[in-house]
Amino acid sequence: VPKPATIVQCTDLNYASQLCAMLEAILTDERGINDPNQLECIVIFCLYWSVGASLLQGSREAFDKFVKDISGLPISSSKSVSVGSLPGSMPTLYDFYFNEELSRWVP
């Protein structure tokens, strides 16, 4: 598998640090998010916007396919998708954000 094309070069440690920082910012004690399905969606969202943030468009599409494949979650064609599924009505998951208050993927 070829290395994905990125806007800026990052080390594996940079990617891990970015992912942890995003998770720490979202998963605060005040929010009290404990639902495993919701946590799974938050981790996927953070993965896209940390590890996948510096990827060029062509690599983003491959990254999107890879993450969707390994997640094992069904893909829904609805515009707003609840936990337990990933949205597929737009080209990639980059076109959505996970709203933890609504427990939904929203375009």
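Bear in mind the structure is a predicted one, so any value in this text is a computation, not a measurement. Sequence order sets the numbering: in each chain, residues are counted from 1 along the sequence as written. Local features in a predicted model are, by the rule used here, given only for residues with pLDDT of at least 70; side-chain atom pairs are given and counted only at 80 or more, and totals for whole chains, interfaces and linings are based on all residues. Processing note: side-chain calculations cover all non-hydrogen atoms of the structure and skip hydrogens and water entirely.

Considerations on the environment of Val8
What counts, and what does not: Note on conventions: DSSP H or I runs of at least 4 residues are helices, E runs of at least 2 residues are strands, and numbering of each starts at the N terminus. Relative accessibility thresholds used throughout: buried, under 20% of the residue-type maximum; exposed, over 50%; partly exposed, between the two (1.4 Å probe, protein chains only).
Among the secondary structure elements, Val8 is positioned in the segment before helix H1 (12–26). Taking relative accessible area as the criterion, Val8 reaches 46% and is therefore assigned partly exposed. Separated by 72 residues in sequence, Val8 and Ser80 place their C-alpha atoms 32 Å apart.

Focus: the sheet that holds strand E2 (residues 81–82)
Put simply, the rule reads: Following DSSP output, two strands are said to pair if at least two bridges run between them. Residue contacts are defined here by distance: any two heavy atoms, one from each residue, within 4.5 Å place the two residues in contact. Convention adopted: a line fitted to C-alpha atoms gives each axis, helices being fitted over their contacting stretch, and angles between N-to-C directions are expressed from 0 to 180 degrees.
The antiparallel open sheet is built from three strands, whose spatial order is E2-E5-E4. In this open sheet, the two edge strands, each paired with only one partner strand, are E2 and strand E4 (97–99). The pairing of E4 with strand E5 (residues 104–106) spans three bridges and is antiparallel. For Phe98, the partnering residue across the bridge sits in E5 and is Trp105. In the packing of helix H2 (residues 36–50) onto the sheet, the strands contacted are E4 and E5, and the crossing angle to E4 comes to about 150°.

Let's talk about H2
Note the following rule: A helix is expected to span 1.5 Å for every residue after the first.
Helix length check: H2 (15 residues) gives 21 Å between terminal C-alpha atoms against 21 Å at 1.5 Å per residue, within 8%. Listing the buried residues of H2 in full gives Gln38, Cys41, Ile42, Ile44, Phe45, Cys46, Tyr48 and Ser50. As for H2, its buried residues are in contact with H1, helix H3 (57–71), strand E3 (86–87), E4 and E5.

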